[in-house]
Each structure stands twice: as structure tokens, then as C-alpha cells.
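# Structure assessment
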Amino acid sequence: KLAGALLLVVVVSVGLMAYLMNVSTSSEFRQYASQRDERYAEDVASVLASFYERDHIWTDLDELLSNLLRSTSDRLVVADSGGLVVGDTDNGWVGETATDVGLTGGTAIVASGEEVGDVYLYSSFTRGGSGHGYGGGSQQSSVSNEQDFLDRVNRWLAVVAIIAAVIALALGGILMWQITRPVKTLAIGARQVAQGNLAYRVDIRSKDELGDLGRSFNTMAANLQQAELERRRMIADITHELRTPLTVIDGTVDGIQDGVFPPDKEHLDAIKEQTALLARLTADLRDLSTAESGQLKLQLAATDMIDLIRRKLPTFAVPAKEKGIELASALPQDAPRIEVDADRMEQVLGNLMTNAIRHTPPGGKITVSARVIDRDTVHGIDGPNLVVSVADTGEGISPEHLPHVFDRFYRVEESRSRGEGGAGLGLAIVKQMSEVHGGRVWVESELGKGSTFHVALPVKNHSL
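Residues numbered from 1 in each chain as written. Predicted model: local features only at pLDDT ≥ 70, side-chain atom pairs only at ≥ 80, totals over all residues. Heavy atoms only, no water.

Turning to the environment of Lys-272, a few remarks are in order. Tracing the chain through its elements places Lys-272 in helix H6 (residues 265-292). A relative accessible area of 61% places Lys-272 in the exposed class. C-alpha separation for the pair Lys-272 and Ile-249, spaced 23 residues apart in sequence, amounts to 8.6 Å. (Helix = DSSP H or I, 4+ residues; strand = E, 2+ residues; numbered from the N terminus. Buried < 20%, exposed > 50% of the residue type's maximum accessible area, 1.4 Å probe, protein only.)

A few words on the nonpolar core. Counting residues in each nonpolar core, the largest one holds 46 residues, and the members touching the most others are Met-305, Leu-352, Met-353, Val-390 and Phe-453. Per-element tally for this core: the top contributor is helix H9 (residues 342-359), with 7 residues. Once you skip the residues sitting within four places of it in the chain, Met-305 turns out to touch Ile-338, Val-340, Met-345, Leu-386, Val-388 and Leu-457. Counting residues in each nonpolar core, the second largest holds 20 residues, with Phe-51, Leu-65, Leu-76 and Ile-109 among its members. (Core = buried A, V, L, I, M, F, W, Y, C linked by side-chain atoms within 4.5 Å. Contact = heavy atoms within 4.5 Å.)

In this section: the side chain of Asp-341. Counting through the fold element by element, Asp-341 comes out in the loop between strand S7 (338-340) and H9. Notably, Asp-341 is buried but unbridged: the nearest opposite-charge side chain belongs to Arg-344, and the N-O separation is 4.7 Å. Not counting residues up to four positions away in its chain, the partners in contact with Asp-341 are Lys-297, Leu-298, Gln-299, Leu-300 and His-437. (Lys, Arg positive; Asp, Glu negative; His and termini not counted. Salt bridge = Lys/Arg side-chain N within 4 Å of Asp/Glu carboxyl O.)

Read from one edge to the other, the open sheet built from 5 strands follows the order S6-S8-S9-S11-S10, with strand pairing classed as mixed. Each of the sheet's edge strands pairs with one partner strand only, and the pair in question is strand S6 (326-330) and strand S10 (440-446). Going from strand to strand, the sheet's axes swing by 20 degrees on average, the running direction of each strand aside. The pairing of strand S9 (residues 381-392) with strand S11 (residues 450-458) spans 7 bridges and is antiparallel. In the strand pairing of S11, Val-388 is matched with Val-455. (Pairing = 2+ DSSP bridges. Axes fitted to C-alpha atoms, helices over the stretch in contact; angles between N-to-C directions.)

A few words on the packing of aromatic side chains. Following the criterion strictly, the structure yields 4 aromatic pairs and no others. Relative to Trp-58, the ring of Phe-51 lies with its centre 6.4 Å away and its plane at 25 degrees, an arrangement referred to as stacked. The exposure class assigned to Trp-58 is buried, which follows from its relative accessible area of 13%. Measuring from centroid to centroid gives 6.0 Å for Trp-93 and Tyr-122, while their planes differ by 65 degrees, and the two rings are edge-to-face. (Phe/Tyr/Trp six-rings, centres within 6.5 Å; stacked < 30°, edge-to-face > 60°.)

When S10 meets S11, the two strands line up antiparallel, connected through 7 bridges. Bridging across to S11, Glu-446 finds its partner in Gly-450. If you look at the hairpin formed by S10 and S11, you'll find 3 residues sitting between the two strands, and Gly-448 has a positive phi there, around 80 degrees.

Attention now moves to the layout of surface pockets. The probe, sized like a water molecule, is rolled over the atoms to show the empty space still left. The volume enclosed by the second largest pocket comes to roughly 330 Å³. Looking at the lining of the second largest pocket, the elements with two or more residues in it are helix H5 (209-258), H6 and helix H11 (426-436). For the lining of the second largest pocket, the leading source of residues is H5, giving 5 residues. Along the lines of polarity and charge, the residues of the lining of the second largest pocket split into 7 nonpolar, 2 polar and 7 charged. (1 Å grid on protein atoms, 1.4 Å probe; cavity = no way out; pocket = protein on both sides within 12 Å on 5 of 7 lines; lining within 4 Å. Points joined across faces, edges and corners; volume = space filled by probe spheres on them. Nonpolar A, V, L, I, M, F, W, Y, C, P; charged D, E, K, R; others polar.)

A word on empty space enclosed by the protein. Scanning all chains against the criterion turns up 1 cavity of 30 Å³ or more. For the largest cavity, the calculated volume is near 60 Å³. Among the elements that make up the lining of the largest cavity, the one with the highest residue count is H9 (4 residues). Split by residue class, the lining of the largest cavity holds 9 nonpolar, no polar and no charged.

Attention now goes to the pattern of salt bridges. One pass over the structure, following the stated rule, counts 13 salt bridges. Arg-311 is the partner of Asp-307 in a salt bridge, and the nearest nitrogen-oxygen pair spans 3.0 Å. Here Arg-311 and Asp-307 lie together in helix H7 (residues 305-312), a separation of 4 residues that amounts to about one turn. Residues Lys-449 and Glu-446 are paired through a salt bridge, measuring 3.4 Å at the closest nitrogen-oxygen approach.

What is shown is where atoms sit, not what they do.
Encoded structure:
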């Protein structure tokens, strides 16, 4: 299609150029010849006027007219003041009247201030009767000479057109190859990705728009591959997380049905515990899904986060005391109210506290603090934010794991059991819930010394 379109453009462009040049050349040539003949006729009339002034009679003009001819194809005719033809280089109209032979528009011969006759020129380079007798017996010769000239011009135009077409097609072929080769490469890549080969990458090294398109394609394929890997891992994690409580429930029920276990409170509590775990896992997955898709509905209201933290902390006193962990807080007396969903913020704080208690050894300490900051370029904070921090004195997190702690189902230690590490959704929920409020989350940690999780929430109203 590109080759055909290019050839069509070349043919139309060259053809139009040839036509316009032909018309223009013909017009310009006729104008040039007409002006030249007019000057020539005036010169001849001047010579004839001098000739007439000498004897005041039109005799013996043949020799003079023959000497005045530019070429053998021209014809000069002279008529006196009465219109009688007194000279003709072709000797055909001598003695005839100008009106009888159709002579019109001659050039006046003026001698001593008096018009004594007219000279008529039949040129071999022009045609028509526009002022010098053009269009007489030599019209066919004029047309033939003009056509010969135009034919020569057209032959040169044809040569130029062929050369231009060859150059245009050569350059167009190179351009077409440069365009179609990356397009074909991208088409092959698209088919590979469509067939499920997400590891395929196109090799386009140009630095133009097609090169940008190729790099965008590779980025898209890499993102699709990563998304597919995460999807498979998530499905595997969900399957694993669901299988364990379902296995416990199924085994306990089978034991009761077979008479192996008595249907007492202990075994029913075990079933209830696993059922609650399933319900919590399902709820967490639902919250994550709706938050990531932007469909989570928030009940926003001006909230005193300091008061919310003070009311929530006592609920963690019992599990912390059972593990021998000290709870502490470093909260300001007042802080700006912020527009948040209080229930979701309780969920965020609860997940952070549960995670801290889980990873803090007996005798350790957990500190909850809050402060208002105006800017933190490192973590992308521009403007006043309320930062809530939960610090523990646990085992800490190694640097290679820090970028992934907020991923779904991510565990620093893959071999850790659920009882020790949970399902791996708590911190992912913290991240999503914070971000839907326009906030930021990050963690600072040092192995053997503990970790500090930060949640920054924008302050839109500074009133207390």
C-alpha cells in the first residue's frame, strides 16, 4: 500500500508539474515571440520610413525587404497609404489590396510625421493575428515551429520526470523499509503476546517515534508479565491460605462424625476459630480488591486522630501483656482534625499494632507516636501531613525485603506458619487504605533493632 501510494504521488506530482510547465512555457514563449516580433516590425517600419523619405515612392522594395528578413521562414508585406500591396517577400500579393487578401493590424510606417503605409509580418514563431499580420499563409509553419519547441521542452520534462521518479521511489523505498520493518516486528510481538508469550520482547533500536513505540511495547509486555506472575502467586497464596483452615475444619468434622473426636466445646471452638479466620481472610481480600479498583466507599468526616489512637490502644493491652511487651505512646496534646473514614483508620492502626505485637519478642517495647510535618521530599509529601508511627523493638527487616513488605501475601520468612506470620494481608491493607485517603506509607528498619511503620495523612483543615 505504501509503495502504491508513493508511486501514485510521484506520477500525479510529476504529471501535474509537466502539464503546468507545458502550459506556462507555451504562454511565456508566445508572449516572448510576440514582443520580439513587435520590436522587429517596428525596426522594419523605421527602415522603410527612411527608404520612403529618400524618394517618396514605393519602388524597388524587393531587395530591401529580402535584406530585412530574419529568416527564410518569415514573410514581410508592405502596403501603401491607400492599402495597395507594394512589396511582398513571397511576391504573392503585390498589386492586391490589403483588405482583399485579409491583411489587418499592420505596423504603421511614418515618414516626416505622415503615415505612408503599413508593414505586415508573418512570423515563424507566433500565430494568430494580434497586430502584425500574424495568421497568414505561414501560420502552419508557425504552429509547427512552436510545436517543435514544446516537444523539445516536453522531452526534457519527461527525462526530468523519470529521474525524479527514480530518485523518489529509491528514497521512498528506503523510507518504506524503515517504517514497515519495525511495524512488522511489532506485529510479530503483538501476536506472541496475544498467544500468551509475555516474555517476548521486540528489537527496535531506532530513536524515532517507532522506537518509542517499540520501547512502550516492551514496557507493556514486561508489566503484563509481572502482573501475570503476581496473579499466579496471588492465586497460589489464596489457595494455600484457604486450604489450611478448610483442612482443619474438614478434619475436625470428619473426626466428630467418625466418633474419633467428641462434639465438645473444644472441638467446636476449633471449627469456629477456623471459620472466623476464613471470614477475616475473605473480608481482607474484599477490602483490598475494592480499594485497588477505586470502588471503596469512604465515610469521610473530620476526625481527631489523636483521640482515635488513645481509644484504640487499650484494646491491644491484653495481647501485649500476654507476650510481655510494653506499650507506650508519644502523642501531642492536640492535632488538626483530618478528613478520614474513622472505621478504616481503626483498621489501619489495628493492623499495624497486630503486626508489631507479632514481631516483637517478650520484653520488647512498642511505641505509638504522631506528629505534623509540612514537607518530606524523600517520601513524596508536599504540604502539611499528620504522620502516625508505630515503632517496635523486634527482629527488624533486611534491606532486600523492605520494598515488598506492603505486598499482598508477602512474608519475610516464607517458611513461617500462619500462627507466627498471619496471612500476609495486613500491611497490604494498611497501604491501600492509606492511599485511598491520599496518604503515604513507608517503613524504616534495622536488623536486630526493630522497625518503624509510618502512615502520613494529608491535613486539609488546620482547625483543632
